[in-house]
Amino acid sequence: MRELVDPTKQAFEKRKLAVRNVDGKTQVLCVDFAGTMQEVDIKRRTDLPVDAATGTHPYRFKIDNKALDPEERKNKGLPPFDFSDTEAIIKALGEPRTFDMPLWFVNLAGDDISRILQYDLALIFQSKGCNLHDWTETGGCTYCYVDDVSNNPSNKKNAVWLGIENIINTAEKLREDASVRKGRELHRIRHSGGETTTELDFTLELQKEIEKRDLEKLFVQLTQISARAIL
Ligand code: SF4
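Model, not experiment: these values are computed from the prediction.

Side note on helix H1 (residues 7-18)
Here comes step 1: Look at H1: 15 Å from first C-alpha to last across 12 residues, which is about the 16 Å you get at 1.5 Å a residue.
Here comes step 2: Buried within H1 we find Gln10, Ala11, Lys14 and Ala18. When H1 is viewed along its axis, its buried side chains cluster within an angular range of 105° and face the same direction. Pointing more than 90 degrees away from the buried face of H1 are the exposed residues Lys9, Phe12 and Lys16.
Here comes step 3: As for H1, its buried residues are in contact with strand S1 (19-22), strand S2 (25-31) and strand S5 (159-163).
Here comes step 4: Capping the start of H1 is the job of one residue whose side-chain oxygen sits 3.0 Å from the backbone nitrogen of threonine 8: aspartate 6.

This is the structure:
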């Protein structure tokens with residue numbers, strides 16, 4: 001029988017491999033999606049944004065609620081969603097296999113629910129490595145959407161170190177360029193994994209820098225902690 005990984009031990013190990021300090025600034029090891037199986041899946045809907053400083057592709061967009069999205073609806077032959085119908089919005093957010101995250105953010109921004117679509121898009125960077133994975137070719141959950149290389153911080157293939165500036169500069173650039181977002185607004189950065197709680201300090205630094213730069217209605221979110229954390 002396969003030996004189960006010790007998640008606490010593996011989390012400390014991940015921290016050692018995937019967090020570093022360069023000239024007083026924290027960097028985390030992230031997945032460069034170029035050439036991965038995830039890239040194929042991501043490109044079904046959006047391109048991979050580039051990190052200007054490194055020339056790599058460690059970001060992806062996520063449309064959280066496809067029932068609201070004009071392009072998704074058009075592809076399914078559905079008419080545009082009626083955003084004046086609050087009840088229909090709430091119902092759409094409660095459908096199976098959808099995320100209700102846009103609702104948290106429209107509330108956080110103090111915006112009107114009829115503008116919820118503008119809070120649907122997330123810019124994601126993905127921490128390399130999961131502490132419930134034993135980092136072998138067959139470890140981890142069988143249903144995981146992250147491949148075994150991307151879930152292994154000791155394997156430097158498809159890996160890139162990102163600092164706070166990489167991420168915020170990229171987000172700022174993407175907020176200026178509507179074409180790459182296909183007209184959708186960008187108010188959310190999501191720190192995803194793998195496991196992100198091994199680098200919570202980095203997520204907090206990211207939030208502080210956003211506040212320092214006074215970036216209007218830009219929020220940071222974690223997918224761990226039951227996918228419920230907004231910083
Ligand atoms: S990232 Fe989540 S689904 Fe994937 S191996 Fe880790 S715990 Fe399992």
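What about the packing of aromatic side chains?
Here comes step 1: Following the criterion strictly, the structure yields 4 aromatic pairs and no others.
Here comes step 2: Consider the rings of tryptophan 104 and phenylalanine 105, whose centres lie 6.1 Å apart with planes at 25°: the pair is stacked. The pair formed by tryptophan 104 and phenylalanine 105 is uniform in burial state, with each residue classed as buried.
Here comes step 3: Using a relative accessible area of 0% as the deciding quantity, one classes phenylalanine 105 as buried.
Here comes step 4: Through pairs of rings, three or more aromatic residues link up here, namely Trp104, Phe105 and Phe219.

Digging into the layout of surface pockets
Here comes step 1: Roughly 1200 Å³ of volume is contained in the largest pocket.
Here comes step 2: Around the largest pocket, the lining is made up of 45 residues, and of these Arg60, Lys62, Phe99, Tyr145 and Arg190 lie nearest the centre.
Here comes step 3: Residue assignment for the lining of the largest pocket shows that the elements contributing at least two residues are helix H2 (37-42), strand S3 (59-63), helix H3 (70-75), helix H5 (101-108), strand S6 (188-192) and helix H8 (224-227).
Here comes step 4: Per-element accounting of the lining of the largest pocket gives the leading share, 4 residues, to S3.
Here comes step 5: For the lining of the largest pocket, a count of residues per class yields 18 nonpolar, 11 polar and 16 charged.
Here comes step 6: Approximately 270 Å³ is the volume attributed to the second largest pocket.
Here comes step 7: For the second largest pocket, the full set of lining residues is Val22, Asp23, Lys25, Thr26, Gln27, Gly163, Ile164, Glu165, Asn166, Glu205, Lys208 and Glu209.
Here comes step 8: Every element with two or more residues in the lining of the second largest pocket is listed here: S2, helix H6 (164-176) and helix H7 (200-213).
Here comes step 9: For the lining of the second largest pocket, a count of residues per class yields 2 nonpolar, 4 polar and 6 charged.

Points about the pairing of S1
Here comes step 1: Here S1 runs beside S2; their pairing, made up of 4 bridges, is antiparallel. Considered in S2, the bridge of valine 22 is made with lysine 25.
Here comes step 2: Hairpin connection between S1 and S2: a loop of 2 residues separates the two successive antiparallel strands, and aspartate 23 in this loop has a positive phi of roughly 50°.

Some details on the nonpolar core
Here comes step 1: Core analysis: the biggest nonpolar cluster contains 24 residues, and Leu123, Phe125, Leu162, Ile167, Ile189, Leu206 and Ile210 have the highest contact counts within it.
Here comes step 2: Those elements giving two or more residues to this core turn out to be S2, S3, strand S4 (121-126), S5, H6 and H7.
Here comes step 3: If one sorts the elements of this core by residue count, H6 sits on top with 5 residues.
Here comes step 4: Beyond its immediate chain neighbours, meaning those up to four positions away, isoleucine 167 contacts Tyr59, Phe125, Leu162, Ile189, Phe202 and Leu206.

Here's the deal with unusual backbone geometry
Here comes step 1: With an omega of 10°, the peptide bond between glycine 193 and glycine 194 qualifies as cis.
Here comes step 2: Although it is not a glycine, aspartate 23 adopts a positive phi angle of roughly 50°.
Here comes step 3: Along the chain, aspartate 23 turns up in the loop between S1 and S2.

Rules of the game
- Residues numbered from 1 in each chain as written.
- Predicted model: local features only at pLDDT ≥ 70, side-chain atom pairs only at ≥ 80, totals over all residues.
- Heavy atoms only, no water.
- Helix = DSSP H or I, 4+ residues; strand = E, 2+ residues; numbered from the N terminus.
- Expected span 1.5 Å × (residues − 1).
- Buried < 20%, exposed > 50% of the residue type's maximum accessible area, 1.4 Å probe, protein only.
- Arc of directions from axis to C-beta.
- Contact = heavy atoms within 4.5 Å.
- Polar contact = N/O pair within 3.5 Å; in protein donor to acceptor, adjacent residues only side chain to side chain.
- Phe/Tyr/Trp six-rings, centres within 6.5 Å; stacked < 30°, edge-to-face > 60°.
- 1 Å grid on protein atoms, 1.4 Å probe; cavity = no way out; pocket = protein on both sides within 12 Å on 5 of 7 lines; lining within 4 Å.
- Points joined across faces, edges and corners; volume = space filled by probe spheres on them.
- Nonpolar A, V, L, I, M, F, W, Y, C, P; charged D, E, K, R; others polar.
- Pairing = 2+ DSSP bridges.
- Core = buried A, V, L, I, M, F, W, Y, C linked by side-chain atoms within 4.5 Å.

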